[in-house]
Amino acid sequence: MPDLAYLNGDIMPIEKATVPIEDRGYQFGDGVYEYIASYAGRLFMLGAHLDRLERSMGGLDFPPIPRPGIKTAIVDLFERAGYDRAGIYIQITRGVAPRNHAFDPTLSPQVVMTIREINALPENLHRDGITAITVRDIRWGRCDIKTIQLLANSLAKQKALSEGHSDAIFISDQDVVREGTSSNLFIIKGGQLITHPLTPNILPGITRMAIIDICRETGLKIDESFFTTDALYHADEVFLTGTVTEVLPVTQIDGRCIGDGNVGPLTRKLYDGLRQKALAGA
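Residues numbered from 1 in each chain as written. Predicted model: local features only at pLDDT ≥ 70, side-chain atom pairs only at ≥ 80, totals over all residues. Heavy atoms only, no water.

Where an unreviewed UniProt entry is consulted, the chain appears under the name Amino acid aminotransferase, with the organism given as Desulfosarcina ovata subsp. sediminis. As stated in UniProt under Sequence similarities (unreviewed entry), the record for the chain gives "Belongs to the class-IV pyridoxal-phosphate-dependent aminotransferase family." UniProt, in its Cofactor (unreviewed entry) section for the chain, records the words "pyridoxal 5'-phosphate". (UniProt positions renumbered as here; feature names shortened; annotations may be inferred.)

The next thing to look at is helix H3 (residues 67–81). For H3, which comprises 15 residues, the first-to-last C-alpha distance of 21 Å matches the rise-based estimate of 21 Å (1.5 Å per residue) to within 8%. All buried positions along H3 are accounted for by Ile70, Ala73, Ile74, Leu77, Phe78 and Ala81. End-on, the buried residues of H3 take up no more than an arc of 125 degrees, which puts them together on one face. Away from its buried face by more than 90 degrees, H3 exposes Pro68 and Glu79. Looking at the residues trailing H3, positive phi occurs at Gly82, about 75 degrees. (Helix = DSSP H or I, 4+ residues; strand = E, 2+ residues; numbered from the N terminus. Expected span 1.5 Å × (residues − 1). Buried < 20%, exposed > 50% of the residue type's maximum accessible area, 1.4 Å probe, protein only. Arc of directions from axis to C-beta.)

Turning to the pattern of salt bridges, a few remarks are in order. Applying the stated criterion to the full structure yields 19 salt bridges. Residue Arg142 pairs with Asp144 through a salt bridge whose shortest N-O separation is 2.8 Å. One network of salt bridges, in which partners are shared, links Asp137, Arg139, Arg178 and Glu179. (Salt bridge = Lys/Arg side-chain N within 4 Å of Asp/Glu carboxyl O.)

With that out of the way, let us pick up the sheet that holds strand S3 (residues 31–39). Overall, antiparallel pairing links the six strands, which are arranged S2-S1-S6-S5-S3-S4 in an open sheet. The open sheet has two free edges, formed respectively by strand S2 (10–13) and strand S4 (42–43), since each of these has just one partner strand. Bridge count between strand S1 (residues 4–7) and strand S6 (residues 110–117): four bridges; the pairing is antiparallel. The residue of S6 that forms the bridge with Leu7 is Val112. (Pairing = 2+ DSSP bridges.)

Geometrically, a pair of aromatic rings is defined through the distance of the ring centres and the angle of the planes. Under the defined criterion, the tally for this structure stands at three aromatic pairs. Measuring from centroid to centroid gives 5.0 Å for Phe186 and Phe239, while their planes differ by 10 degrees, and the two rings are stacked. Linking Phe186 in strand S10 (residues 184–189) with Phe239 in strand S13 (residues 237–242), this pair joins segments that are 53 residues apart in sequence. Above the plane of the ring of Tyr39 lies Arg85, whose end atom (NZ or CZ) is 4.0 Å from the centre. Here the basic side chain of Arg256 rests over the ring of Tyr233, its NZ or CZ set 4.2 Å away from the ring centre. (Phe/Tyr/Trp six-rings, centres within 6.5 Å; stacked < 30°, edge-to-face > 60°. Lys NZ or Arg CZ within 6 Å of the ring centre and 35° of its normal.)

Let us now look at the nonpolar core. In this structure, Leu53, Ile74, Ile88, Ile90, Ile92, Met113 and Ile115 are the most contacted members of the largest nonpolar core, which totals 26 residues. Those elements giving two or more residues to this core turn out to be S1, S3, helix H2 (46–59), H3, strand S5 (86–93) and S6. Considering each element in turn, this core owes the most residues, six residues, to H3. For Leu53, the contacting residues outside a window of four places in its chain are Val32, Tyr33, Glu34, Ile70, Ile90 and Ile92. Membership of the second largest hydrophobic core comes to 21 residues, among which are Ile188, Ile214, Leu266 and Leu270. (Core = buried A, V, L, I, M, F, W, Y, C linked by side-chain atoms within 4.5 Å. Contact = heavy atoms within 4.5 Å.)

Counted according to the given criterion, the structure contains two cavities of 30 Å³ or more. There is about 80 Å³ of room inside the largest cavity. Looking at the largest cavity, the residues that line it are Ala37, Tyr39, Phe44, Met45, His49, Ile206, Thr207, Gly242, Thr243 and Leu274. Those elements giving two or more residues to the lining of the largest cavity turn out to be S3 and helix H6 (206–218). Classifying every residue of the lining of the largest cavity by side-chain character gives six nonpolar, four polar and no charged. Here the second largest cavity is characterised by a volume of approximately 40 Å³. Taken together, Asp236, Glu237, Val238, Pro249, Val250, Thr251, Ile258, Asn262, Val263, Gly264 and Thr267 make up the lining of the second largest cavity. Among the secondary structure elements, those contributing two or more residues to the lining of the second largest cavity are S13 and strand S14 (246–253). For the lining of the second largest cavity, the element with the most residues is S14, which contributes three residues. Its residues assigned to classes, the lining of the second largest cavity comprises five nonpolar, four polar and two charged. (1 Å grid on protein atoms, 1.4 Å probe; cavity = no way out; pocket = protein on both sides within 12 Å on 5 of 7 lines; lining within 4 Å. Points joined across faces, edges and corners; volume = space filled by probe spheres on them. Nonpolar A, V, L, I, M, F, W, Y, C, P; charged D, E, K, R; others polar.)

Put into structure tokens, the structure is as follows:
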């Protein structure tokens, strides 16, 4: 089955899908997106992703798009592709108009989706962990809106790769640890999980939500609070969470070993718990 695209109501081979050059997403980054994964032929946490998509659109003053129509389009595209383990990228831009910073509130949004099989991360990354660096957070002030404005994220990711690491972790000017370039971040200290609270400075991750739910269901202590790089460096365990990342252990940051430098037991437990939850179709 070829990779497919959805464009404003039509499904086609991905290479056939094009948008006008005056799309505001292309010219201004005036758009939002979501990325939904499936496990064993079932979409995982679709409702939560649609909730966040609606919040993102509202945050940019987009006109609402009826949820049943978007949901039906996602499911139709997924069923047409026929992949068991798929990733669906959804992008909604404000629409097409001659280039002007101001916009016409009556523009019709453009809806684009693509679907591809997910190439799972190499298992050795989950077994052995990754290394990361910290970078100053220069992103715009509304990281809670899942916009397509990802240049700062891309530059930080590329910096990490060019220095031989897997990812970068954003740190504020006040030394507050925020998140990875495309993932949320948790630390574990003394058996307690700590993660940045939901503010405009981080994305409200769907996998983050799932991990917090797992912690509450299993009695693990979880604290949503601010912490500094000192706490990051001296954590017992550190891991990243995301739709494709799932639960990814970080065993070294800025050249410093986290804990004993090995993947910790709680990180492994949460990875297993997430996989069980996903395969159960929760």
